[in-house]
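# What the coordinates show
Residue strings, one per chain:
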Amino acid sequence: MLIDNLERYLTIEEVLGIPPASDRLEGRRYDGVADVEEIDDRADELRNAWDLGLDPVPSLCALLEDKGIKVVEDDLPERINGLACQVLRDGKPVADAVLVSSRTNVERKRSTLAHELAHRIIRSTGNPAIKLEAAMNRFAGAFLVPGRHLIEEAGEGRRRITYFEIVRLKHMYGVSAAAMLVRLGQVGVLTPAAVQRAFRTFARSWRKSEPEPIDGNQGFAAFEKPQRFKGLVWRALGEELISPVRAATLLNESLDAVEQQITGPANQ
């Protein structure tokens, strides 16, 4: 599945003469952190290096593809949300890639993409008190929801927070309500006790059922889809570097569907 998708991706890049992407994460990988606050700092450093500012990222798919990381979406087994890998040729890396499940909602998809980005950055925590997966989750949360921006939005040292505010914030940043609640505790908007109390009461079902999910065709959901591979295939077809038959094969679409997109709607 993943191998087939990546082979098609690399094939169309070869057709167009696009060289392997440079390593945009060079110098950003690390093997140790002193504490969880340093993980937040590393996420902020990457946002600064990529000129993202503090605002929510409109599309993680577009961002990663712009940075040379190939994003592939496919129907994965139910318990697998995504994975990261590196493509090697003759023992040398030629591409970083992230596979994300098409089954998940956009909140989970964005967290998964940020988590898999962390896989390309965090090689080890070097700290027995911080488990690797926990560090990646922390990095993903900090990358999607910068602490300084969240504090400006929600205030600091809150005793409690309303359901309405959490839903507003989850829609603002494009993350799950549970992830938002956790992040509110991480940056000091809420105390650990307040977060635990929320998960015991009104938020007790949030890890299994997403409250007020982001609509599948609006907001973040409208943009959180891999676009680059399809765009490259159509570019090659438009430049007559490949035939409609080959384009249909690469896109896993019918020849009729491709030909309709070539000519556009029939004249009325």
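Coordinates for the structure precede this section.
So, here's what we can say about the structure. Small disclaimer: the values here were computed from a predicted structure and weren't measured.

Calculation rules
Residues numbered from 1 in each chain as written. Predicted model: local features only at pLDDT ≥ 70, side-chain atom pairs only at ≥ 80, totals over all residues. Heavy atoms only, no water. Helix = DSSP H or I, 4+ residues; strand = E, 2+ residues; numbered from the N terminus. Contact = heavy atoms within 4.5 Å. Polar contact = N/O pair within 3.5 Å; in protein donor to acceptor, adjacent residues only side chain to side chain. Pairing = 2+ DSSP bridges. Axes fitted to C-alpha atoms, helices over the stretch in contact; angles between N-to-C directions.

## Here's the deal with the environment of S59
- Positionally, S59 belongs in the loop between α2 (36-49) and α3 (60-66).
- Sequence-wise, S59 and F220 are 161 residues apart; in three dimensions their C-alpha atoms are separated by 6.7 Å.
- Apart from the residues within four sequence positions on either side, S59 is in contact with R110, F223 and E224.
- Reaching out from S59, the side chain makes a polar contact with the backbone nitrogen of A62 at a distance of 3.0 Å.

## A short note on the sheet that holds strand β3 (residues 92-101)
- In space, the three strands of this open sheet follow the order β1-β3-β2, with mixed pairing throughout. Single-partner strands in this sheet number two, and they are β1 (69-74) and β2 (82-89). Looking at each pair of strands side by side, their axes are set apart by 30° on average, direction ignored.
- As judged from the six bridges shared by β1 and β3, these two strands associate in the parallel manner. Along β3, the bridge assignment pairs K70 with A97.
- Of the strands in this sheet, β1, β2 and β3 touch helix α4 (residues 106-119), which is tilted by about 155° from β3.

## Topic: the environment of A114
- Looking at where A114 falls in the secondary structure, it is placed in helix α4.
- Spatially, the C-alpha atoms of A114 and V182 are 16 Å apart, while their sequence positions differ by 68 residues.
- Residue contacts for A114: discarding those within four places in its chain leaves F139, A140 and L144.

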